[in-house]
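Summary of the model geometry
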Amino acid sequence: MKGKKGIIFGALDENSIAWKVAERAHEEGAKFVLTNAPVALRLGTIDELAKKTGSKIIPADATSIMDIEELIDQATKELGGKIDFVLHSIGMSVNVRRGNHYTYQDYNFTKKGWDVSALSFHRVMSVLYRKDVMNEWGSIVALSYIAAQRVFPDYNDMADNKAYLESVARSFGYFFGRDKKVRVNTISQSPTPTTAGSGVKGFDGFLKYAEEMSPLGNATALECADYTISLFSDLTKKVTLQNLFHDGGFSNMGISTAIMESYLKEIEAEKSKKEHSDKKE
Ligand SMILES: NC(=O)c1ccc[n+]([C@@H]2O[C@H](COP(=O)([O-])OP(=O)(O)OC[C@H]3O[C@@H](n4cnc5c(N)ncnc54)[C@H](O)[C@@H]3O)[C@@H](O)[C@H]2O)c1
């Protein structure tokens with residue numbers, strides 16, 4: 001990463017996946033600009049990260065094309081020209097926050113969540129593409145979740161947002177590859193204890209289930225950062241249009257012995273309870 005320059009969206013606090021990516025990119029010698037929504041800059045602790053990594057913070061709401069244009073102009077100025085990597089680590093569902101069930105959403109909230117979590121990826125890439133600010137063999141990564149392919153009922157409308165996000169990565173990735181030799185991928189990450197992650201109903205259940213299902217266990221935020229760095233590096237130049245599972249093997253599992261054993265235990269307990277009450281009668 002030495003000599004590489006980029007933009008990192010979405011570091012809110014030290015638990016954020018983007019925070020870990022920034023720390024790792026800094027360790028590997030990259031220079032970057034940090035950005036987040038103005039409200040997140042007030043609520044989070046990004047100043048600490050900026051100080052630690054010697055980075056400038058440029059506020060931008062990912063739903064505003066003007067903010068993104070201004071951000072990219074300022075970031076390229078700050079970094080002295082074209083850039084090599086961009087991380088989109090942004091997600092938010094108002095329906096999830098308000099506890100609306102998937103089957104009965106407030107569609108204004110649905111639109112807002114889609115705009116923030118999915119359309120923003122198109123918006124960012126559109127400005128990068130039109131302003132022609134990505135160096136050849138640059139790399140753009142966004143973060144996704146397996147609910148884009150499989151049903152996780154409490155992930156709510158974020159499942160649809162992630163499906164859209166992954167599709168945008170492929171569709172825009174084609175033009176970025178053909179015209180600019182830039183790769184575009186999404187990383188489908190294990191459940192991770194962050195502000196966005198913990199907001200999902202039943203998150204602790206998600207976390208434990210995935211941990212017990214995955215042969216390698218859940219991937220942490222730091223491990224996700226390591227994987228992201230590999231995608232920003234020159235060692236993955238021909239990887240593009242992919243949704244890459246970074247989940248300890250979860251996505252290819254049917255059932256694990258740990259999960260099976262917990263069911264068998266439950267069945268045994270039921271049986272002995274029944275035997276006990278039959279004897280009493
Ligand atoms: N935590 C998990 O379990 C998990 C699993 C798979 C994928 N992801 C994805 O990883 C990404 C990062 O999330 P995280 O888990 O690090 O949580 P996080 O809460 O730390 O990060 C989410 C970020 O989105 C930013 N954001 C929200 N609205 C914005 C807007 N309008 N403009 C700009 N930024 C805005 C927030 O300020 C925050 O920094 C998200 O795309 C999330 O869906 C998370």
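As shown above, the structure is provided for reference.
The rules behind each value
Per-chain numbering applies: the sequence of each chain, read as written, is numbered from 1 onward. Restriction of local features to residues with pLDDT of at least 70 applies here, the model being predicted, together with a cutoff of 80 or more for giving and counting side-chain atom pairs; totals for whole chains, interfaces and linings are based on all residues. Values shown for side chains rest on all heavy atoms present in the structure; no hydrogens or waters enter the calculation. Patch members must show over 30% relative accessible area and no salt bridge, and they are joined within 9 Å when carrying like charges or within 5 Å when they are nonpolar side chains of Val, Leu, Ile, Met, Phe, Trp or Tyr. Here the open area of atoms and residues is found with the Shrake-Rupley method and a 1.4 Å probe, where only the protein chains shown may cover a residue. What counts as a salt bridge is simple: a side-chain nitrogen of Lys or Arg found within 4 Å of a carboxyl oxygen of Asp or Glu. Each helix corresponds to a stretch of at least 4 residues labelled H or I by DSSP, and each strand to a stretch of at least 2 residues labelled E; elements are numbered beginning at the N terminus. Relative accessibility thresholds used throughout: buried, under 20% of the residue-type maximum; exposed, over 50%; partly exposed, between the two (1.4 Å probe, protein chains only). What counts as a ring pair is set by centres within 6.5 Å for rings of Phe, Tyr and Trp (its six-membered ring), and what kind of pair is set by the plane angle: stacked under 30 degrees, edge-to-face over 60, tilted for all other angles. Note on criteria: charge over ring means Lys NZ or Arg CZ within 6 Å of the ring centre, with the direction from the centre no more than 35 degrees off the ring normal. A single heavy atom is enough: if one lies within 4 Å of a molecule or strand, its residue is considered near that molecule or strand. Here a polar contact means two N or O atoms within 3.5 Å. Within protein one must be a hydrogen donor candidate and the other an acceptor candidate, and residues neighboring in sequence count only if both atoms are side-chain atoms. Points on a 1 Å grid over protein atoms alone make up a cavity when a 1.4 Å probe fits among them but cannot get out, and a pocket when they form an open set with protein on both sides within 12 Å along at least five of seven lines; lining residues each have an atom within 4 Å of a point. Throughout, a molecule is located in a cavity or pocket provided that more than half of its atoms lie within 2 Å of its grid points. Grid points are joined across faces, edges and corners, and a volume is the space filled by probe spheres set on the points. Only Asp, Glu, Lys and Arg are considered charged in this grouping, and only Ala, Val, Leu, Ile, Met, Phe, Trp, Tyr, Cys and Pro are considered nonpolar; every other residue, Gly among them, is considered polar. Only strands that DSSP links by at least two bridges are regarded as paired with each other. In this description, contact between two residues means that some pair of their heavy atoms is separated by no more than 4.5 Å. To define axes, lines are fitted to C-alpha atoms, for helices over the stretch in contact only, and angles between the resulting N-to-C directions are given on a 0 to 180 degree scale.

Together, Ile-255, Met-260, Tyr-263, Leu-264 and Ile-267 make up an exposed nonpolar region whose accessible area comes to about 480 Å². Tracing the backbone through its elements, the reader meets Ile-255 in the loop between strand S7 (242–246) and helix H11 (257–280). Judged by its relative accessible area of 46%, Ile-255 is partly exposed.

This model, assessed by the stated rule, comprises twelve aromatic pairs. Clustering of aromatic rings is evident, with ring pairs tying together Tyr-145, Phe-152, Tyr-155, Phe-206, Tyr-209 and Phe-250. A cation sits over an aromatic face here: Lys-180 above Tyr-129, 4.6 Å from the ring centre. Residue placement shows Lys-237 over the ring face of Trp-137; its charged tip is 5.3 Å from the ring centre.

The next point concerns the site of the ligand. The environment of the ligand is formed by 28 residues, the closest being Ser-16, Asn-36, Lys-162, Thr-192 and Thr-194. Here an oxygen atom of the ligand sits 2.6 Å away from a polar atom, N or O, in the side chain of Ser-16. A distance of 3.0 Å separates an oxygen atom of the ligand from a polar backbone atom of Ile-90. Considering the ligand on its own, with 820 Å² of exposed area, one finds that the protein chains cover 92% of that surface. With respect to the pocket detection grid, the ligand is positioned in the largest pocket.

Moving on: the layout of surface pockets. Size it by volume and the largest pocket reaches roughly 1,300 Å³. Along the wall of the largest pocket there are 44 residues; nearest its centre are Ser-89, Ile-90, Gly-91, Met-92 and Ala-196. Class assignment for the residues of the lining of the largest pocket results in 23 nonpolar, 16 polar and five charged.

Let's shift gears to the sheet that holds strand S4 (residues 83–88). The seven strands are arranged S3-S2-S1-S4-S5-S6-S7 in an open sheet whose pairing can be described as parallel. The sheet is open, and its two borders are formed by strand S3 (56–57) and S7, each paired with just one other strand. Relative to S3, strand S2 (residues 31–35) is paired through two bridges, and the arrangement is parallel. Looking at S3, one finds that Leu-34 is bridged to Ile-57. Along the sheet, helix H7 (residues 158–180) contacts S4, strand S5 (134–144), strand S6 (183–189) and S7; its crossing angle with S5, the most-contacted strand, is approximately 175°. Here helix H10 (residues 221–232) sits on the sheet and contacts S4, S5, S6 and S7; the angle it forms with S6, its principal contact strand, is near 165°.

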